[in-house]
Amino acid sequence: MRDPDTLDAADVTVVIRVTTTHASAVAARMADALKTALGHADVAVDLPARATGGPALRILPDSRRVLHKGVPVPLTRLEFDLLLHLCSQPKRVHRRAALMHQVWGATTAVDTRTVDVHVRRIRRKLGDASAIIGTVRGVGYRVDQEHQVLVEREA
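Predicted, not measured: the structure shown is a model, and the values here were computed from it. (Residues numbered from 1 in each chain as written. Predicted model: local features only at pLDDT ≥ 70, side-chain atom pairs only at ≥ 80, totals over all residues. Heavy atoms only, no water.)

**Quick look at the sheet that holds strand E3 (residues 71-72)**
- Sheet architecture is open: 4 strands sit in the order E3-E2-E1-E7, paired in mixed fashion. What marks the edges here is a single partner per strand, and that holds for E3 and strand E7 (149-151).
- The sheet contact formed by strand E1 (residues 57-60) and E7 spans 3 bridges and is parallel. Each bridged residue has a counterpart across the sheet, and for Ile 59 the counterpart in E7 is Val 151.
- Here helix H2 (residues 77-88) sits on the sheet in contact with E1, strand E2 (65-68) and E7, set at roughly 110 degrees to E1. (Pairing = 2+ DSSP bridges. Helix = DSSP H or I, 4+ residues; strand = E, 2+ residues; numbered from the N terminus. Contact = heavy atoms within 4.5 Å. Axes fitted to C-alpha atoms, helices over the stretch in contact; angles between N-to-C directions.)

**Things to note about helix H4 (residues 113-126)**
- The end-to-end C-alpha distance of H4, which contains 14 residues, comes to 20 Å, matching closely the 20 Å that a straight helix rising 1.5 Å per residue would cover.
- Among the residues of H4, those classed as buried are Val 115, Asp 116, His 118, Val 119, Ile 122 and Leu 126. An end-on view of H4 places all buried positions within 165 degrees of arc, on one side of the element.
- Where the residues of H4 are buried, they touch E1, E2, H2, helix H3 (96-104), strand E5 (133-136) and strand E6 (140-143).
- Looking at the residues trailing H4, positive phi occurs at Gly 127, about 60 degrees. (Expected span 1.5 Å × (residues − 1). Buried < 20%, exposed > 50% of the residue type's maximum accessible area, 1.4 Å probe, protein only. Arc of directions from axis to C-beta.)

**Some words on unusual backbone geometry**
- Residues other than glycine seldom take positive phi values, yet Arg 64 does so here, at roughly 55 degrees.
- Topologically, Arg 64 is positioned in the loop between E1 and E2.
- For Arg 64, a relative accessible area of 42% corresponds to the partly exposed category.
- Within the chain, Lys 91 stands out as a residue other than glycine whose phi angle is a positive 70 degrees.
- Mapping Lys 91 onto the fold places it in the loop between H2 and strand E4 (94-95).
- On the basis of relative accessible area, Lys 91 is assigned to the exposed category, the value being 53%.

**A closer look at the pairing of E2**
- Direction of pairing for E1 relative to E2: antiparallel, over a ladder of 4 bridges. If you follow Arg 58 over to E2, its bridge partner there is Leu 67.
- The turn linking E1 back onto E2 is made up of 4 residues, and Arg 64 within it adopts a positive phi angle of 55 degrees.
- Where E2 lies against E3, 2 bridges are found, and the strand directions are antiparallel. The residue bridging Leu 67 from the neighbouring strand is Pro 72, located in E3.

Quick look at the structure:
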């Protein structure tokens, strides 16, 4: 006979099929919603190979989130601002001093190596997507692989 005060545990598998042009984006949002609703329970998102064929990196400016292959990338405020600035204007060389002015709001001459430190931290956090940000030696940075990045305004 079972004791009524004993708690049982069970694994539950829920399959949700999403068919849309942005399946990976929808799946990532649904996973976030489920984690929140279930008290940050373990929620796994398995995407078929064809669903991951799009950009490796998605930047969602409205919610200030970055997703690498559907997985959130934790960035500081300045790291996010710098990555968004670079990716919003791909193929353009961004000089360090200009980045200090445009992203940091610096109005006087400052040490531009701060930009290098932040780019290095962003690259480390992006993992295998780090090659998206290219270095223009002695000048600054440029996003050359714009097909690997999607800056997506949320509806």
